[in-house]
Amino acid sequence: GGGEVTGIGANGRGNLTASADARDVTVTSGTLTRLGNVTAGNDVRVTSGNAGLAGSIDITNANARTGLLQLTSLNGDIRLGTGNAATTSALTSNGGGDIIVTTSLISGGDIAVTSGDDTDMLLVRSTGGNVAIVAADGAGAGTVQAAATIGVDGASNAIGTATAGT
């Protein structure tokens, strides 16, 4: 479909919660997913756009308490304030679009950020795995920390501080 998932009003942000540990929050939209606080007992998965329609994601806070965080847009931007995942995180903008993390992305396992355009992230931290940042244009982050390895691959790379290994 081509619909939006938002809150009420011009800049409204819906809040979604699945409290039980085994419960996921899964959202699929056409052109836009704009959410406030998204909390899942397990996984948070958001997909916006499809083969014929560009989609963007804008989430203030996403928390996957026992699972993974997966945000995927097609030809649109991903904007995340704070993201937390117990296991892995994957932020992917296919075909174009920036990935912006305004506060932090923190995961207990691997983090994969793949942008069809630029990345601009304040803090990216894996407490138990690797961090991989791939951008078609500029790969940018203020601080990147990983328990294991850090990989950055962009047409231009601008990482303020990077700390890998234990």
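Residues numbered from 1 in each chain as written. Predicted model: local features only at pLDDT ≥ 70, side-chain atom pairs only at ≥ 80, totals over all residues. Heavy atoms only, no water.

### Concerning the overall build of the chain
1) Next: For the chain, the helix and strand inventory stands at zero helices and 14 strands.
2) Next: Helices and strands appear in the chain in the N-to-C order β-β-β-β-β-β-β-β-β-β-β-β-β-β.
3) Next: Taking 2.2 N^0.38 as the reference for a compact globule, 166 residues should give roughly 15 Å; the C-alpha atoms of the chain span a radius of gyration of 15 Å, in line with that estimate.
4) Next: If you line up the chain on its principal axes, its C-alpha atoms span 40 × 35 × 25 Å. (Helix = DSSP H or I, 4+ residues; strand = E, 2+ residues; numbered from the N terminus. Rg over C-alpha atoms; globule rule 2.2 N^0.38 Å.)

### Some points on unusual backbone geometry
1) Next: Positive phi outside glycine occurs at N75, with the angle close to 60°.
2) Next: Here N75 shows up in the loop between strand 7 (69–74) and strand 8 (78–85).

### Things to note about the pattern of salt bridges
Two side chains of opposite charge can pair, provided their charged atoms sit close to one another.
1) Next: Using the criterion set out here, one finds three salt bridges in the structure.
2) Next: As a salt-bridge pair, R13 and D58 come within 3.0 Å of each other at their nearest N and O atoms. Of the two residues, R13 is situated in the loop between strand 1 (4–5) and strand 2 (14–18) and D58 in strand 6 (residues 56–64); the sequence distance between them amounts to 45 residues.
3) Next: Assessed through its relative accessible area of 33%, R13 is described here as partly exposed.
4) Next: R65 is paired through a salt bridge with D21; the nearest N and O atoms lie 2.7 Å apart. Of this pair, R65 sits in the loop between strand 6 and strand 7 while D21 sits in the loop between strand 2 and strand 3 (25–29), and the two are 44 residues apart along the sequence.
5) Next: R65 gets classed as partly exposed once you look at its relative accessible area, which sits at 36%. (Salt bridge = Lys/Arg side-chain N within 4 Å of Asp/Glu carboxyl O. Buried < 20%, exposed > 50% of the residue type's maximum accessible area, 1.4 Å probe, protein only.)

### Quick word on the nonpolar core
For soluble globular proteins, nonpolar side chains are generally found buried alongside one another.
1) Next: Of all hydrophobic cores here, the largest spans 32 residues; its most connected members are I59, L69, L71, L80, L91 and L105.
2) Next: Ranked by the residues each element gives to this core, the list is headed by strand 13 (residues 131–146), at seven residues.
3) Next: Once you skip the residues sitting within four places of it in the chain, L105 turns out to touch L69, L80, G83, S89, L91, I111, V113, L123, V124 and R125. (Core = buried A, V, L, I, M, F, W, Y, C linked by side-chain atoms within 4.5 Å. Contact = heavy atoms within 4.5 Å.)

### Side note on the side chain of S104
1) Next: Tracing the chain through its elements places S104 in strand 10 (residues 99–107).
2) Next: Residue S104 is classed as buried on the basis of its relative accessible area, which comes to 8%.
3) Next: Ignoring sequence-local partners within four residues, the contact set of S104 consists of G81, T82, G83 and L123.

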